[in-house]
Amino acid sequence: MTLAATLAAQESAQESAQESEQAPAPAVAPPPLVQVENLRVRIKTPDVDVTLLHGLNFSLNQGEVLCLVGESGSGKSITVRSLLRLLPPGAIVEGSIIVDGIDILALKPAQLRAVRGPLIAIAFQEPATSFDPAFTIGYQIAETVRAHEQVSWADATRRAQDLLELVQVPSAKRRLDAYPHELSGGLRQRAMIALALSCRPKLLIADEPTTALDATVQIQVLLLLRELQRELGMATVFVTHDVGVACEIADQVAVMYSGRFVEMGPIERIIDAPRHPYTAGLLGSVVTPDVPGARLEPIPGAPPDPTALPPGCSFEPRCRVARPACAQAMPAFTQIAPLHQVRCVLAASGAAMGDIEK
Amino acid sequence: MAGFIAYRLLYVLPISIGVSLICFALTYMAPGDPASSIIPDDASPEVAAQIRAAYGFDRPLPIQYLLWLWRVLSGDFGVSLSTGRPVTDEVIPAMMNTLSLAGGGALLAAFVGITLGTLAAYRNGRLSDRAISAVGIAGMSVPQYWLAMVMVAIFAVELGVLPASGMGQPGDDFGRTLSFYVLPILTLATVPAGIIARSVRSTVSETLQQEFVQALEAKGLPAWRIFLHVAKNAAGPALAVIGLQFANLLGGSILVETVFSWPGTGFLLNAAIFMRDLPVMQATVLLLAMFFIVANLLVDILQMLFDPRVKSARRG
Ligand SMILES: Nc1ncnc2c1ncn2[C@@H]1O[C@H](COP(=O)(O)OP(=O)(O)OP(=O)(O)O)[C@@H](O)[C@H]1O
Ligand code: SF4
Ligand SMILES: [Mg+2]
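Residues numbered from 1 in each chain as written. Chains lettered and ligands numbered in written order. Predicted model: local features only at pLDDT ≥ 70, side-chain atom pairs only at ≥ 80, totals over all residues. Heavy atoms only, no water.

**As for the overall build of chain A**
In terms of regular secondary structure, chain A is built from 13 helices and 12 strands. By residue count, 49% of the 358 residues in chain A fall in the buried class. (Helix = DSSP H or I, 4+ residues; strand = E, 2+ residues; numbered from the N terminus. Buried < 20%, exposed > 50% of the residue type's maximum accessible area, 1.4 Å probe, protein only.)

Listed below in structure tokens is the structure:
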């Protein structure tokens, strides 16, 4: 944990330096670290033309964790990759993404490279395919450090070792010389997290970092991530399709369906009083080990094809409480309580989901 | 690493023994008594028997093989039946000439093929990619003989800037000596360049599609560093193709050597077959085969250096 302490110390030193420069400090709350407005992503190539994100709005404060939850294909990866502008060829991004005061969408290629790593870093779902198989773990971490900081290979390698120790890789020094295929899945994912942390990012993106792992290893990696996130004070966007995982780590939750947020709010509210039928369905499909006889009822049907969305509410074809009006127009994303927004015609009635179904 | 090389060397041993057996058997596959080409027609039966005994033709076959192998290993390939000189004096210079031609051809083919293939992969699907692919296919499928004739017609006959045949005189200056290499090497390199370009293009573009390339971009690496990763990953498969092409060039230069009267092994082998000069045939085939084997071994070792996964996969 020595590195964590150093990182924290440096961070606070930097902050106090900034504060003294900007003195007198403003009395108002600092602006959120991440501010995304009306984010739209469309893929347009000779073969396809499809809109994948239909105007997302969210913000994230320093040190907070936002979980994106939704079924496969709902656009979670596209959303987080937009933050890094790491999108498939032919992607057109509209709206605005401000991270730490930087307008990400306006960056030139060299500026974008400078931001990737030190400001925003990402840990991918599949550590097996996200490391280059032909280089050692140590090299791949050290080269990242060297791409952003003027340090020698020796120093960068030492940092790589510290990072591996930070993510609790046993015999870290020896693992520096290991190739990715020589590590177990869990260790590889820890190394991937070490890589993401290598330039002390202010915003960490974790795109289903535990999905590819065995259940027991999943929990270990998740706990490690939560610990690191708190210790380093990073803002984190965490992608998962597992509400149980979100419960472990999230401050805020955004539930995604077909490229839109359908419900967003603090984790407790979402768990205790989901207001969108889709959220309720997701929660219903979670088996919580501490609730004996918990229901397992996956939502019947499949999400619509993004090239052929229904005209009204995207969830209408699968919704058990749909009304005729639902097929007419897309419901607005409505604020029903401070910080709690829902996209459903029934939300305005003020009833919690459980009541509606009764 | 050392273990892997030892393992591959062990693998080479039986292949080499097989090759030597085949070369040895050449003597007996040719029609007639192998000794008859050495024994003068008018020799008495006693003299003939003496000659047979002197060459060991009266011993059992396995013993003959071992004797032959021992001589070969100590560098004695016997005497050329057509010139009377030691076979090594004939074969080694020819081998050097072939190697320099094949080596030059392979280098040129590799350089052109890698450059074009990589460019095409990075320009995936665009006009320049399709143009390069078309050139590559044309290069692959052009008949060597025709290409040689056309180039001789243009550069040697029409423009008169390059010599059309031979290797020049011993006293020639460097530039002139080099000029004799140009047309044969160009002819030799065209087909493998096309093949290499095609395979490098597909290897590099497959590599570019792998997830780790996006991960490298996500780390904020500059483009040239990402290219290093792509190159190291693509190097193994590309080397395999290049090594194979080089090996092909070693054996496949017979046509080009004949067209350009290049005094290499192809030329020599052609003459030896014509003259039924068995010792020269044996030595040439054996040396070519050994070069082929060594080239393959080197490719394997290089491949392992580039791809750590090969090491664990083949050991396991
Ligand atoms: N290059 C592309 N061209 C067209 N459509 C794409 C492309 N990439 C992704 N999509 C589509 O975008 C939608 C959202 O993809 P995304 O990867 O963000 O889903 P996800 O929520 O991360 O799902 P998962 O849980 O499977 O990772 C999917 O329907 C997918 O088919
Ligand atoms: S708007 Fe209608 S269809 Fe959509 S989730 Fe609400 S009730 Fe269901
Ligand atoms: Mg995803």
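**Some points on the side chain of His 54 of chain A**
Residues and elements named next belong to chain A. Relative to the helices and strands, His 54 resides in strand S2 (residues 49–60). At 3.5 Å, the side chain of His 54 and the backbone oxygen of Thr 51 are in polar contact. Dropping the residues within four chain positions of it, His 54 is found in contact with Leu 39, Arg 40, Ser 258, Gly 259, Arg 260 and Leu 309. (Polar contact = N/O pair within 3.5 Å; in protein donor to acceptor, adjacent residues only side chain to side chain. Contact = heavy atoms within 4.5 Å.)

**Points about a nonpolar patch on the surface**
All names here are of chain B. A surface patch of nonpolar side chains, about 280 Å² in accessible area, is lined by Leu 13, Ile 17 and Leu 21. Examined against the element boundaries, Leu 13 turns out to sit in helix H1 (residues 2–29). With relative accessibility at 53%, the residue Leu 13 sits in the exposed group. (Patch = residues over 30% accessible without salt bridge, like charges linked within 9 Å, V, L, I, M, F, W, Y side chains within 5 Å. Areas by Shrake-Rupley, 256 points an atom, 1.4 Å probe, with all protein chains shown as cover. Salt bridge = Lys/Arg side-chain N within 4 Å of Asp/Glu carboxyl O.)

**Here's the deal with the pattern of salt bridges**
Scanning the entire structure with this criterion turns up 11 salt bridges over all chains. Of the charged contacts in the structure, one is a salt bridge between Glu 248 of chain A and Arg 226 of chain A, with a shortest N-O distance of 3.3 Å. Within this pair, whereas Glu 248 of chain A is found in helix H10 (residues 243–249), its partner Arg 226 of chain A is found in helix H9 (residues 215–232), the two being separated by 22 residues in sequence. Exposure remark for Glu 248 of chain A: the relative accessible area of 38% places this residue in the partly exposed category. The class of Arg 226 of chain A is partly exposed, set by a relative accessible area of 23%. Linked by salt bridges that have partners in common, Glu 143 of chain A together with Lys 219 and Arg 225 of chain B make up one network.

**Quick word on the site of ligand 1**
Residues and elements named next belong to chain A. Surveying the vicinity of ligand 1 reveals 13 residues, the closest of which are Ser 72, Gly 73, Ser 77, Ile 78 and Glu 208. A distance of 2.9 Å separates an oxygen atom of ligand 1 from a polar atom in the backbone of Lys 76. Ser 77 places a polar side-chain atom, nitrogen or oxygen, 2.7 Å from an oxygen atom of ligand 1. When the free accessible area of ligand 1 is taken as 640 Å², the share hidden by the protein chains comes to 67%. Broken down by element, the residue count for the shell around ligand 1 peaks at 3 residues, all from helix H2 (residues 76–84). Of the residues in the shell around ligand 1, the class split is 5 nonpolar, 5 polar and 3 charged. (Near = heavy atom within 4 Å. Nonpolar A, V, L, I, M, F, W, Y, C, P; charged D, E, K, R; others polar.)

**Focus on the interface of chain A and chain B**
With 26 residues of chain A at the interface, the matching set in chain B holds 20 residues. Here chain A meets chain B over a buried area of about 2,100 Å², counting both sides, of which 55% is carbon and sulfur. There are 2 salt bridges connecting chain A and chain B. Between Lys 219 of chain B and Glu 143 of chain A there is a salt bridge whose closest N-O contact spans 3.0 Å. Seen at the junction of chain A and chain B, the total is 13 residue pairs in polar contact (both at pLDDT 80 or more). Contributions of two or more residues to the side of chain A that touches chain B are made by H2, helix H4 (127–130) and helix H5 (137–148) of chain A. Residue contributions to the side of chain A that touches chain B peak at 6 residues, all from H5 of chain A. Class assignment of the residues belonging to the side of chain A that touches chain B gives a composition of 13 nonpolar, 7 polar and 6 charged. (Buried area = accessible area lost by both parts, 1.4 Å probe.)

**A closer look at the nonpolar core**
Nonpolar side chains in soluble globular proteins tend to end up buried together. Core analysis: the biggest nonpolar cluster contains 101 residues, and Val 34, Ile 120, Leu 164, Leu 197, Leu 203 and Phe 238 of chain A have the highest contact counts within it. If one sorts the elements of this core by residue count, helix H8 (residues 185–197) of chain A sits on top with 8 residues. Discounting chain neighbours no more than four positions away, the residues touching Val 34 of chain A are Phe 58, Ser 59, Leu 60, Leu 83, Ile 98, Val 99 and Leu 203 of chain A. Leu 183, Val 256, Phe 260 and Leu 288 of chain B belong to the second largest nonpolar core, which has 24 residues in total. (Core = buried A, V, L, I, M, F, W, Y, C linked by side-chain atoms within 4.5 Å.)

**A short note on unusual backbone geometry**
Residue and element names in this part refer to chain A. The phi torsion at Glu 208 lies on the positive side, around 45°, for a residue other than glycine. When you line up the elements, Glu 208 lands in the loop between strand S7 (203–207) and H9. Take Glu 208: its relative accessible area is 8%, and that puts it in the buried class. Backbone geometry at Ser 258 places phi at a positive 50°, although glycine is not the residue there. Tracing the chain through its elements places Ser 258 in the loop between strand S9 (252–257) and strand S10 (260–266).

**Describing the pairing of strand S6 (residues 120–123) of chain A**
It is a general feature of regular strands that their side chains alternate between the two faces of the sheet. Residue and element names in this part refer to chain A. Where burial is concerned, the two faces of S6 agree: the one with Ile 120 and Ile 122 and the one with Ala 121 and Ala 123 are both buried. As judged from the 4 bridges shared by S6 and S7, these two strands associate in the parallel manner. Each residue of the ladder has a partner; that of Ala 121, found in S7, is Leu 204. (Pairing = 2+ DSSP bridges.)

**Here's the deal with the pairing of strand S1 (residues 34–44) of chain A**
Residue and element names in this part refer to chain A. For S1 and strand S4 (residues 91–99), the ladder comprises 8 bridges, and the chain directions are antiparallel. Looking at the pairing, Gln 35 lines up with Ile 98 of S4. Sheet analysis places S1 next to S2, joined by 9 bridges and oriented antiparallel. Along S2, the bridge assignment pairs Arg 40 with His 54. Counting the residues between successive antiparallel strands, the hairpin from S1 to S2 contains 4 residues.

**Here we look at the packing of H5 of chain A against H8 of chain A**
All names here are of chain A. Their axes nearest at 9 Å, the elements H5 and H8 cross at an angle of 15°. Taken together, H5 and H8 sit at an angle that is classed as roughly parallel. Viewed along their axes, H5 and H8 form a crossing whose handedness is right-handed. Contacts between H5 and H8 involve Ile 137, Gln 140, Ile 141 and Thr 144 on the former and, on the latter, Ala 191, Ala 194 and Leu 195. Within the contact of H5 with H8, the residues separate by chemical class into 5 nonpolar, 2 polar and no charged. (Axes fitted to C-alpha atoms, helices over the stretch in contact; angles between N-to-C directions. Parallel < 35°, antiparallel > 145°, perpendicular 65-115°, else oblique. Left-handed = near helix turned anticlockwise from the far one by under 90°.)

**Topic: the packing of aromatic side chains**
Scanning all chains against the criterion turns up 11 aromatic pairs over all chains. Seen in terms of ring centroids, Phe 135 of chain A and Tyr 139 of chain A are 4.8 Å apart; in terms of plane orientation they differ by 25°. Their pairing is stacked. Grouped by ring-pair contacts, the aromatic residues Phe 135, Tyr 139 and Trp 153 of chain A constitute a single cluster. For the cation-ring pair, Lys 232 of chain B lies above Phe 135 of chain A, with the distance from its terminal atom to the ring centre recorded as 4.5 Å. (Phe/Tyr/Trp six-rings, centres within 6.5 Å; stacked < 30°, edge-to-face > 60°. Lys NZ or Arg CZ within 6 Å of the ring centre and 35° of its normal.)

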